[in-house]
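# Inside the fold
One letter stands for each residue in the lines below.
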Amino acid sequence: MVKNTEIKKGIRRRALERRGTLSPEFREKAGREITDRVLSSELYRQCRDIFCYVSFRDEADTYSLIRYSLEQGHRVAVPKVMSGTAAGRRMEFYYINNMDELKPGAWGIPEPDPEISVPAVPDQDALIVMPGAAFDRTGRRLGYGGGYYDTYLRKHPEGIRIALAYSSQLLDTIPAESHDVRPEMIFTENECIVCVG
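Only a predicted model underlies this, so the values are computations on that prediction, with no experimental measurement involved.

### Some details on the sheet that holds strand β6 (residues 118–120)
As summarised here, the arrangement of the eight strands in space is β6-β3-β2-β1-β7-β10-β11-β12, forming an open sheet in which the pairing is mixed. Either end of the sheet is taken by a strand with one partner, and the two such strands are β6 and β12 (192–194). When strand polarity is set aside, the average angle formed by the axes of neighbouring strands in this sheet is 30°. Note that strand β1 (residues 49–52) and strand β7 (residues 126–130) share four bridges and pair parallel. By the bridge assignment, C52 is partnered in β7 with V129. Against the sheet, helix α4 (residues 63–71) engages β1, β2 (75–82), β3 (90–96), β7 and β10 (160–164), with an angle of about 135° to β2.

Okay, here's the thing in C-alpha coordinates:
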(Lines give C-alpha, C1' and ligand atoms only; values in the text may rest on other atoms or scores of the structure.)
Protein backbone atom coordinates (compact mmCIF):
# COMPACT_ATOMS: atom_id res chain seq x y z
CA MET A 1 0.00 0.00 0.00
CA VAL A 2 1.36 3.42 -1.01
CA LYS A 3 1.71 5.79 1.91
CA ASN A 4 0.20 9.28 1.92
CA THR A 5 3.68 10.82 1.98
CA GLU A 6 4.60 9.06 -1.27
CA ILE A 7 1.32 10.12 -2.88
CA LYS A 8 1.93 13.70 -1.76
CA LYS A 9 5.47 13.67 -3.14
CA GLY A 10 4.17 12.64 -6.55
CA ILE A 11 1.40 15.25 -6.53
CA ARG A 12 3.85 17.93 -5.38
CA ARG A 13 6.36 17.07 -8.07
CA ARG A 14 3.74 17.16 -10.85
CA ALA A 15 2.17 20.38 -9.51
CA LEU A 16 5.52 22.15 -9.37
CA GLU A 17 6.45 20.91 -12.85
CA ARG A 18 3.14 22.23 -14.19
CA ARG A 19 3.61 25.58 -12.43
CA GLY A 20 7.13 25.78 -13.83
CA THR A 21 5.81 25.59 -17.39
CA LEU A 22 3.75 28.78 -17.01
CA SER A 23 5.23 31.57 -19.10
CA PRO A 24 6.67 34.66 -17.42
CA GLU A 25 4.04 36.73 -19.26
CA PHE A 26 1.21 34.60 -17.89
CA ARG A 27 2.64 34.68 -14.36
CA GLU A 28 3.00 38.46 -14.44
CA LYS A 29 -0.56 39.00 -15.67
CA ALA A 30 -2.05 36.38 -13.34
CA GLY A 31 -0.05 37.80 -10.42
CA ARG A 32 -1.60 41.23 -10.99
CA GLU A 33 -5.08 39.72 -11.15
CA ILE A 34 -4.55 37.70 -7.96
CA THR A 35 -3.24 40.77 -6.12
CA ASP A 36 -6.20 42.86 -7.33
CA ARG A 37 -8.62 40.24 -6.01
CA VAL A 38 -6.94 40.26 -2.60
CA LEU A 39 -6.81 44.06 -2.38
CA SER A 40 -10.50 44.42 -3.28
CA SER A 41 -11.59 41.80 -0.75
CA GLU A 42 -13.38 42.63 2.49
CA LEU A 43 -10.83 40.48 4.35
CA TYR A 44 -8.00 42.71 3.22
CA ARG A 45 -9.86 45.94 3.97
CA GLN A 46 -10.62 44.80 7.52
CA CYS A 47 -7.18 43.49 8.49
CA ARG A 48 -4.51 45.50 10.27
CA ASP A 49 -1.47 43.27 9.83
CA ILE A 50 -0.36 41.23 6.82
CA PHE A 51 1.71 38.09 7.45
CA CYS A 52 2.93 37.16 4.00
CA TYR A 53 5.45 34.86 2.36
CA VAL A 54 7.96 36.49 0.01
CA SER A 55 7.38 34.96 -3.41
CA PHE A 56 10.30 33.06 -4.90
CA ARG A 57 10.93 31.73 -8.38
CA ASP A 58 7.59 30.89 -10.02
CA GLU A 59 5.30 31.28 -6.98
CA ALA A 60 2.27 33.56 -7.22
CA ASP A 61 3.69 37.06 -6.74
CA THR A 62 3.50 38.72 -3.33
CA TYR A 63 5.86 41.65 -3.92
CA SER A 64 3.05 43.92 -5.16
CA LEU A 65 0.84 42.99 -2.20
CA ILE A 66 3.64 43.62 0.30
CA ARG A 67 4.65 46.97 -1.25
CA TYR A 68 1.07 48.23 -1.50
CA SER A 69 0.30 47.17 2.07
CA LEU A 70 3.35 49.03 3.38
CA GLU A 71 2.39 52.13 1.40
CA GLN A 72 -1.14 51.99 2.85
CA GLY A 73 0.13 51.85 6.42
CA HIS A 74 -0.44 48.17 7.14
CA ARG A 75 2.08 46.43 9.33
CA VAL A 76 3.70 43.72 7.19
CA ALA A 77 5.51 40.70 8.58
CA VAL A 78 7.43 38.13 6.53
CA PRO A 79 8.85 34.76 7.57
CA LYS A 80 12.37 33.67 8.40
CA VAL A 81 13.40 30.04 8.71
CA MET A 82 15.27 29.60 11.98
CA SER A 83 18.46 27.61 11.55
CA GLY A 84 20.28 25.31 13.93
CA THR A 85 19.47 21.83 15.14
CA ALA A 86 17.58 23.10 18.19
CA ALA A 87 15.32 25.20 15.96
CA GLY A 88 14.03 22.14 14.08
CA ARG A 89 11.54 22.95 11.34
CA ARG A 90 10.66 26.34 12.69
CA MET A 91 10.05 29.76 11.24
CA GLU A 92 9.20 33.10 12.80
CA PHE A 93 7.75 36.29 11.35
CA TYR A 94 9.30 39.76 11.54
CA TYR A 95 7.87 43.16 10.67
CA ILE A 96 9.58 44.98 7.81
CA ASN A 97 9.46 48.61 6.70
CA ASN A 98 10.49 48.03 3.09
CA MET A 99 11.68 45.33 0.72
CA ASP A 100 15.29 46.51 0.95
CA GLU A 101 15.49 44.98 4.42
CA LEU A 102 15.24 41.47 2.93
CA LYS A 103 18.34 39.37 2.33
CA PRO A 104 18.73 35.87 0.83
CA GLY A 105 18.09 33.27 3.52
CA ALA A 106 17.15 29.59 3.54
CA TRP A 107 17.24 28.18 -0.02
CA GLY A 108 17.95 31.70 -1.31
CA ILE A 109 14.47 32.96 -0.35
CA PRO A 110 14.46 36.64 0.70
CA GLU A 111 14.10 36.90 4.49
CA PRO A 112 14.12 39.63 7.15
CA ASP A 113 17.18 40.26 9.27
CA PRO A 114 16.32 39.58 12.95
CA GLU A 115 19.07 42.04 13.91
CA ILE A 116 17.08 44.98 12.54
CA SER A 117 13.51 43.63 12.33
CA VAL A 118 10.89 43.44 15.08
CA PRO A 119 9.38 40.00 15.90
CA ALA A 120 5.71 39.66 14.96
CA VAL A 121 2.94 37.36 16.20
CA PRO A 122 -0.47 37.32 14.48
CA ASP A 123 -3.67 38.26 16.30
CA GLN A 124 -7.30 38.13 15.18
CA ASP A 125 -6.80 41.22 12.97
CA ALA A 126 -4.03 39.59 10.92
CA LEU A 127 -4.34 38.33 7.36
CA ILE A 128 -1.97 35.37 6.89
CA VAL A 129 -0.97 34.62 3.30
CA MET A 130 0.14 31.01 2.81
CA PRO A 131 2.20 29.58 -0.07
CA GLY A 132 1.71 26.14 -1.54
CA ALA A 133 2.40 23.79 -4.41
CA ALA A 134 -1.23 22.73 -4.89
CA PHE A 135 -4.69 23.15 -3.33
CA ASP A 136 -8.17 21.77 -3.60
CA ARG A 137 -11.43 23.68 -3.15
CA THR A 138 -11.92 22.52 0.42
CA GLY A 139 -8.64 24.21 1.36
CA ARG A 140 -6.49 21.10 1.53
CA ARG A 141 -3.01 22.40 0.86
CA LEU A 142 0.11 20.70 -0.35
CA GLY A 143 3.12 22.72 0.78
CA TYR A 144 6.74 22.13 -0.07
CA GLY A 145 7.28 19.28 2.37
CA GLY A 146 8.96 21.09 5.26
CA GLY A 147 5.89 21.56 7.44
CA TYR A 148 6.93 25.10 8.39
CA TYR A 149 3.54 26.74 7.91
CA ASP A 150 1.56 23.89 9.48
CA THR A 151 3.84 24.00 12.53
CA TYR A 152 3.69 27.77 12.82
CA LEU A 153 -0.07 28.09 12.33
CA ARG A 154 -0.88 25.34 14.83
CA LYS A 155 1.12 27.35 17.35
CA HIS A 156 -0.47 30.66 16.25
CA PRO A 157 -4.06 29.91 15.14
CA GLU A 158 -5.21 33.55 15.27
CA GLY A 159 -5.92 35.53 12.12
CA ILE A 160 -7.52 34.73 8.79
CA ARG A 161 -5.61 32.37 6.51
CA ILE A 162 -5.65 32.81 2.74
CA ALA A 163 -3.61 31.30 -0.08
CA LEU A 164 -2.52 32.69 -3.44
CA ALA A 165 -2.33 30.31 -6.37
CA TYR A 166 -2.59 30.10 -10.12
CA SER A 167 -5.76 28.30 -11.23
CA SER A 168 -3.59 25.48 -12.61
CA GLN A 169 -2.53 24.70 -9.01
CA LEU A 170 -6.11 23.68 -8.12
CA LEU A 171 -6.67 19.93 -8.04
CA ASP A 172 -9.83 17.89 -7.51
CA THR A 173 -8.59 16.53 -4.21
CA ILE A 174 -5.41 16.41 -2.13
CA PRO A 175 -4.63 13.83 0.58
CA ALA A 176 -4.90 15.46 4.00
CA GLU A 177 -3.43 14.72 7.40
CA SER A 178 -5.02 15.69 10.71
CA HIS A 179 -2.22 18.18 11.40
CA ASP A 180 -2.56 20.03 8.06
CA VAL A 181 -3.66 23.66 8.39
CA ARG A 182 -5.98 24.89 5.65
CA PRO A 183 -6.49 28.36 4.23
CA GLU A 184 -9.99 29.74 4.62
CA MET A 185 -9.92 31.31 1.15
CA ILE A 186 -7.88 30.78 -2.01
CA PHE A 187 -7.32 33.62 -4.47
CA THR A 188 -6.51 32.74 -8.09
CA GLU A 189 -6.43 34.87 -11.23
CA ASN A 190 -9.96 33.68 -12.02
CA GLU A 191 -11.81 33.52 -8.70
CA CYS A 192 -11.87 33.73 -4.95
CA ILE A 193 -12.70 30.34 -3.39
CA VAL A 194 -14.29 30.09 0.03
CA CYS A 195 -12.97 26.80 1.39
CA VAL A 196 -15.50 24.45 2.93
CA GLY A 197 -15.20 20.86 3.99
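Moving on from the model shown.
### A look at the packing of aromatic side chains
What describes a pair of aromatic rings is the distance from one ring centre to the other and the angle between the planes of the rings. This structure, assessed with the given rule, holds seven aromatic pairs. Residues F93 and Y149 carry aromatic rings whose centres are separated by 6.3 Å and whose planes lie at 85° to one another, so their mutual orientation is edge-to-face. Note that F93 is positioned in strand β3 and Y149 in helix α5 (residues 148–155), a separation of 56 residues in sequence. Accessibility assignment for this pair places F93 and Y149 in one class, buried. Within the aromatic cluster, the residues linked to one another by ring pairs are F51, F93, Y95, Y149 and Y152.

### As for the nonpolar core
I50, F51, I66, F93, V129, I162 and L164 are the most contacted members of the largest nonpolar core, which totals 40 residues. The residues touching F51, leaving out its near neighbours within four places in the chain, are A77, F93, Y95, A120, V121, P122, A126, L127, I128, V129 and Y152. One finds F135, A163, L170 and I193 within the second-largest nonpolar core, a separate group that totals seven residues.

### Side note on the layout of surface pockets
By volume, the largest pocket amounts to about 920 Å³. Along the wall of the largest pocket there are 36 residues; nearest its centre are G143, Y144, G145, G146 and Y148. Mapped onto the lining of the largest pocket, the elements with two or more residues apiece are α1 (4–20), β2, β5 (110–111), β9 (141–142) and α5. Classifying every residue of the lining of the largest pocket by side-chain character gives 15 nonpolar, seven polar and 14 charged.

### Side note on the pairing of β3
Burial within β3 is extensive, with six of its seven residues counted as buried. In terms of strand pairing, β2 meets β3 through seven bridges, oriented antiparallel. Among the inter-strand pairings, K80 is bridged to a residue of β3, identified as E92.

### Some details on the packing of helix α2 (residues 24–39) against α4
Here α2 crosses α4 at 40°, and the two axes come no closer than 9 Å. Between α2 and α4 lies a crossing whose hand is right-handed. Two secondary-structure elements touch here, α2 through T35, V38 and L39 and α4 through S64, L65 and Y68. Residue composition of the contact of α2 with α4, grouped by class: four nonpolar, two polar and no charged.

### Here's the deal with α4
Three or more residues of α4 are buried, namely L65, I66 and S69. The arc that holds the buried residues of α4, viewed along the axis, is 100°, so those residues lie on one side. Immediately beyond the C-terminal end of α4, within one or two residues, lies G73, with a positive phi of roughly 90°.

### Concerning the side chain of S55
Positionally, S55 belongs in the loop between β1 and α4. Setting aside its immediate chain neighbours within four residues, S55 contacts A60, D61, T62 and Y63.

### Brief notes about the pairing of β10
When you tally the buried positions in β10, you get four out of five residues, the bulk of the element. Examined bridge by bridge, β7 and β10 share four bridges and lie parallel to one another. Bridged to L127 within β10 is I160. In this structure, β10 lies alongside strand β11 (residues 185–187), joined through three bridges in parallel fashion. When the bridges of β11 are listed, A163 appears paired with I186.

What counts and what doesn't
Residues numbered from 1 in each chain as written. Predicted model: local features only at pLDDT ≥ 70, side-chain atom pairs only at ≥ 80, totals over all residues. Heavy atoms only, no water. Pairing = 2+ DSSP bridges. Helix = DSSP H or I, 4+ residues; strand = E, 2+ residues; numbered from the N terminus. Axes fitted to C-alpha atoms, helices over the stretch in contact; angles between N-to-C directions. Contact = heavy atoms within 4.5 Å. Phe/Tyr/Trp six-rings, centres within 6.5 Å; stacked < 30°, edge-to-face > 60°. Buried < 20%, exposed > 50% of the residue type's maximum accessible area, 1.4 Å probe, protein only. Core = buried A, V, L, I, M, F, W, Y, C linked by side-chain atoms within 4.5 Å. 1 Å grid on protein atoms, 1.4 Å probe; cavity = no way out; pocket = protein on both sides within 12 Å on 5 of 7 lines; lining within 4 Å. Points joined across faces, edges and corners; volume = space filled by probe spheres on them. Nonpolar A, V, L, I, M, F, W, Y, C, P; charged D, E, K, R; others polar. Left-handed = near helix turned anticlockwise from the far one by under 90°. Arc of directions from axis to C-beta.

Function cannot be read off these values alone, since they describe shape.
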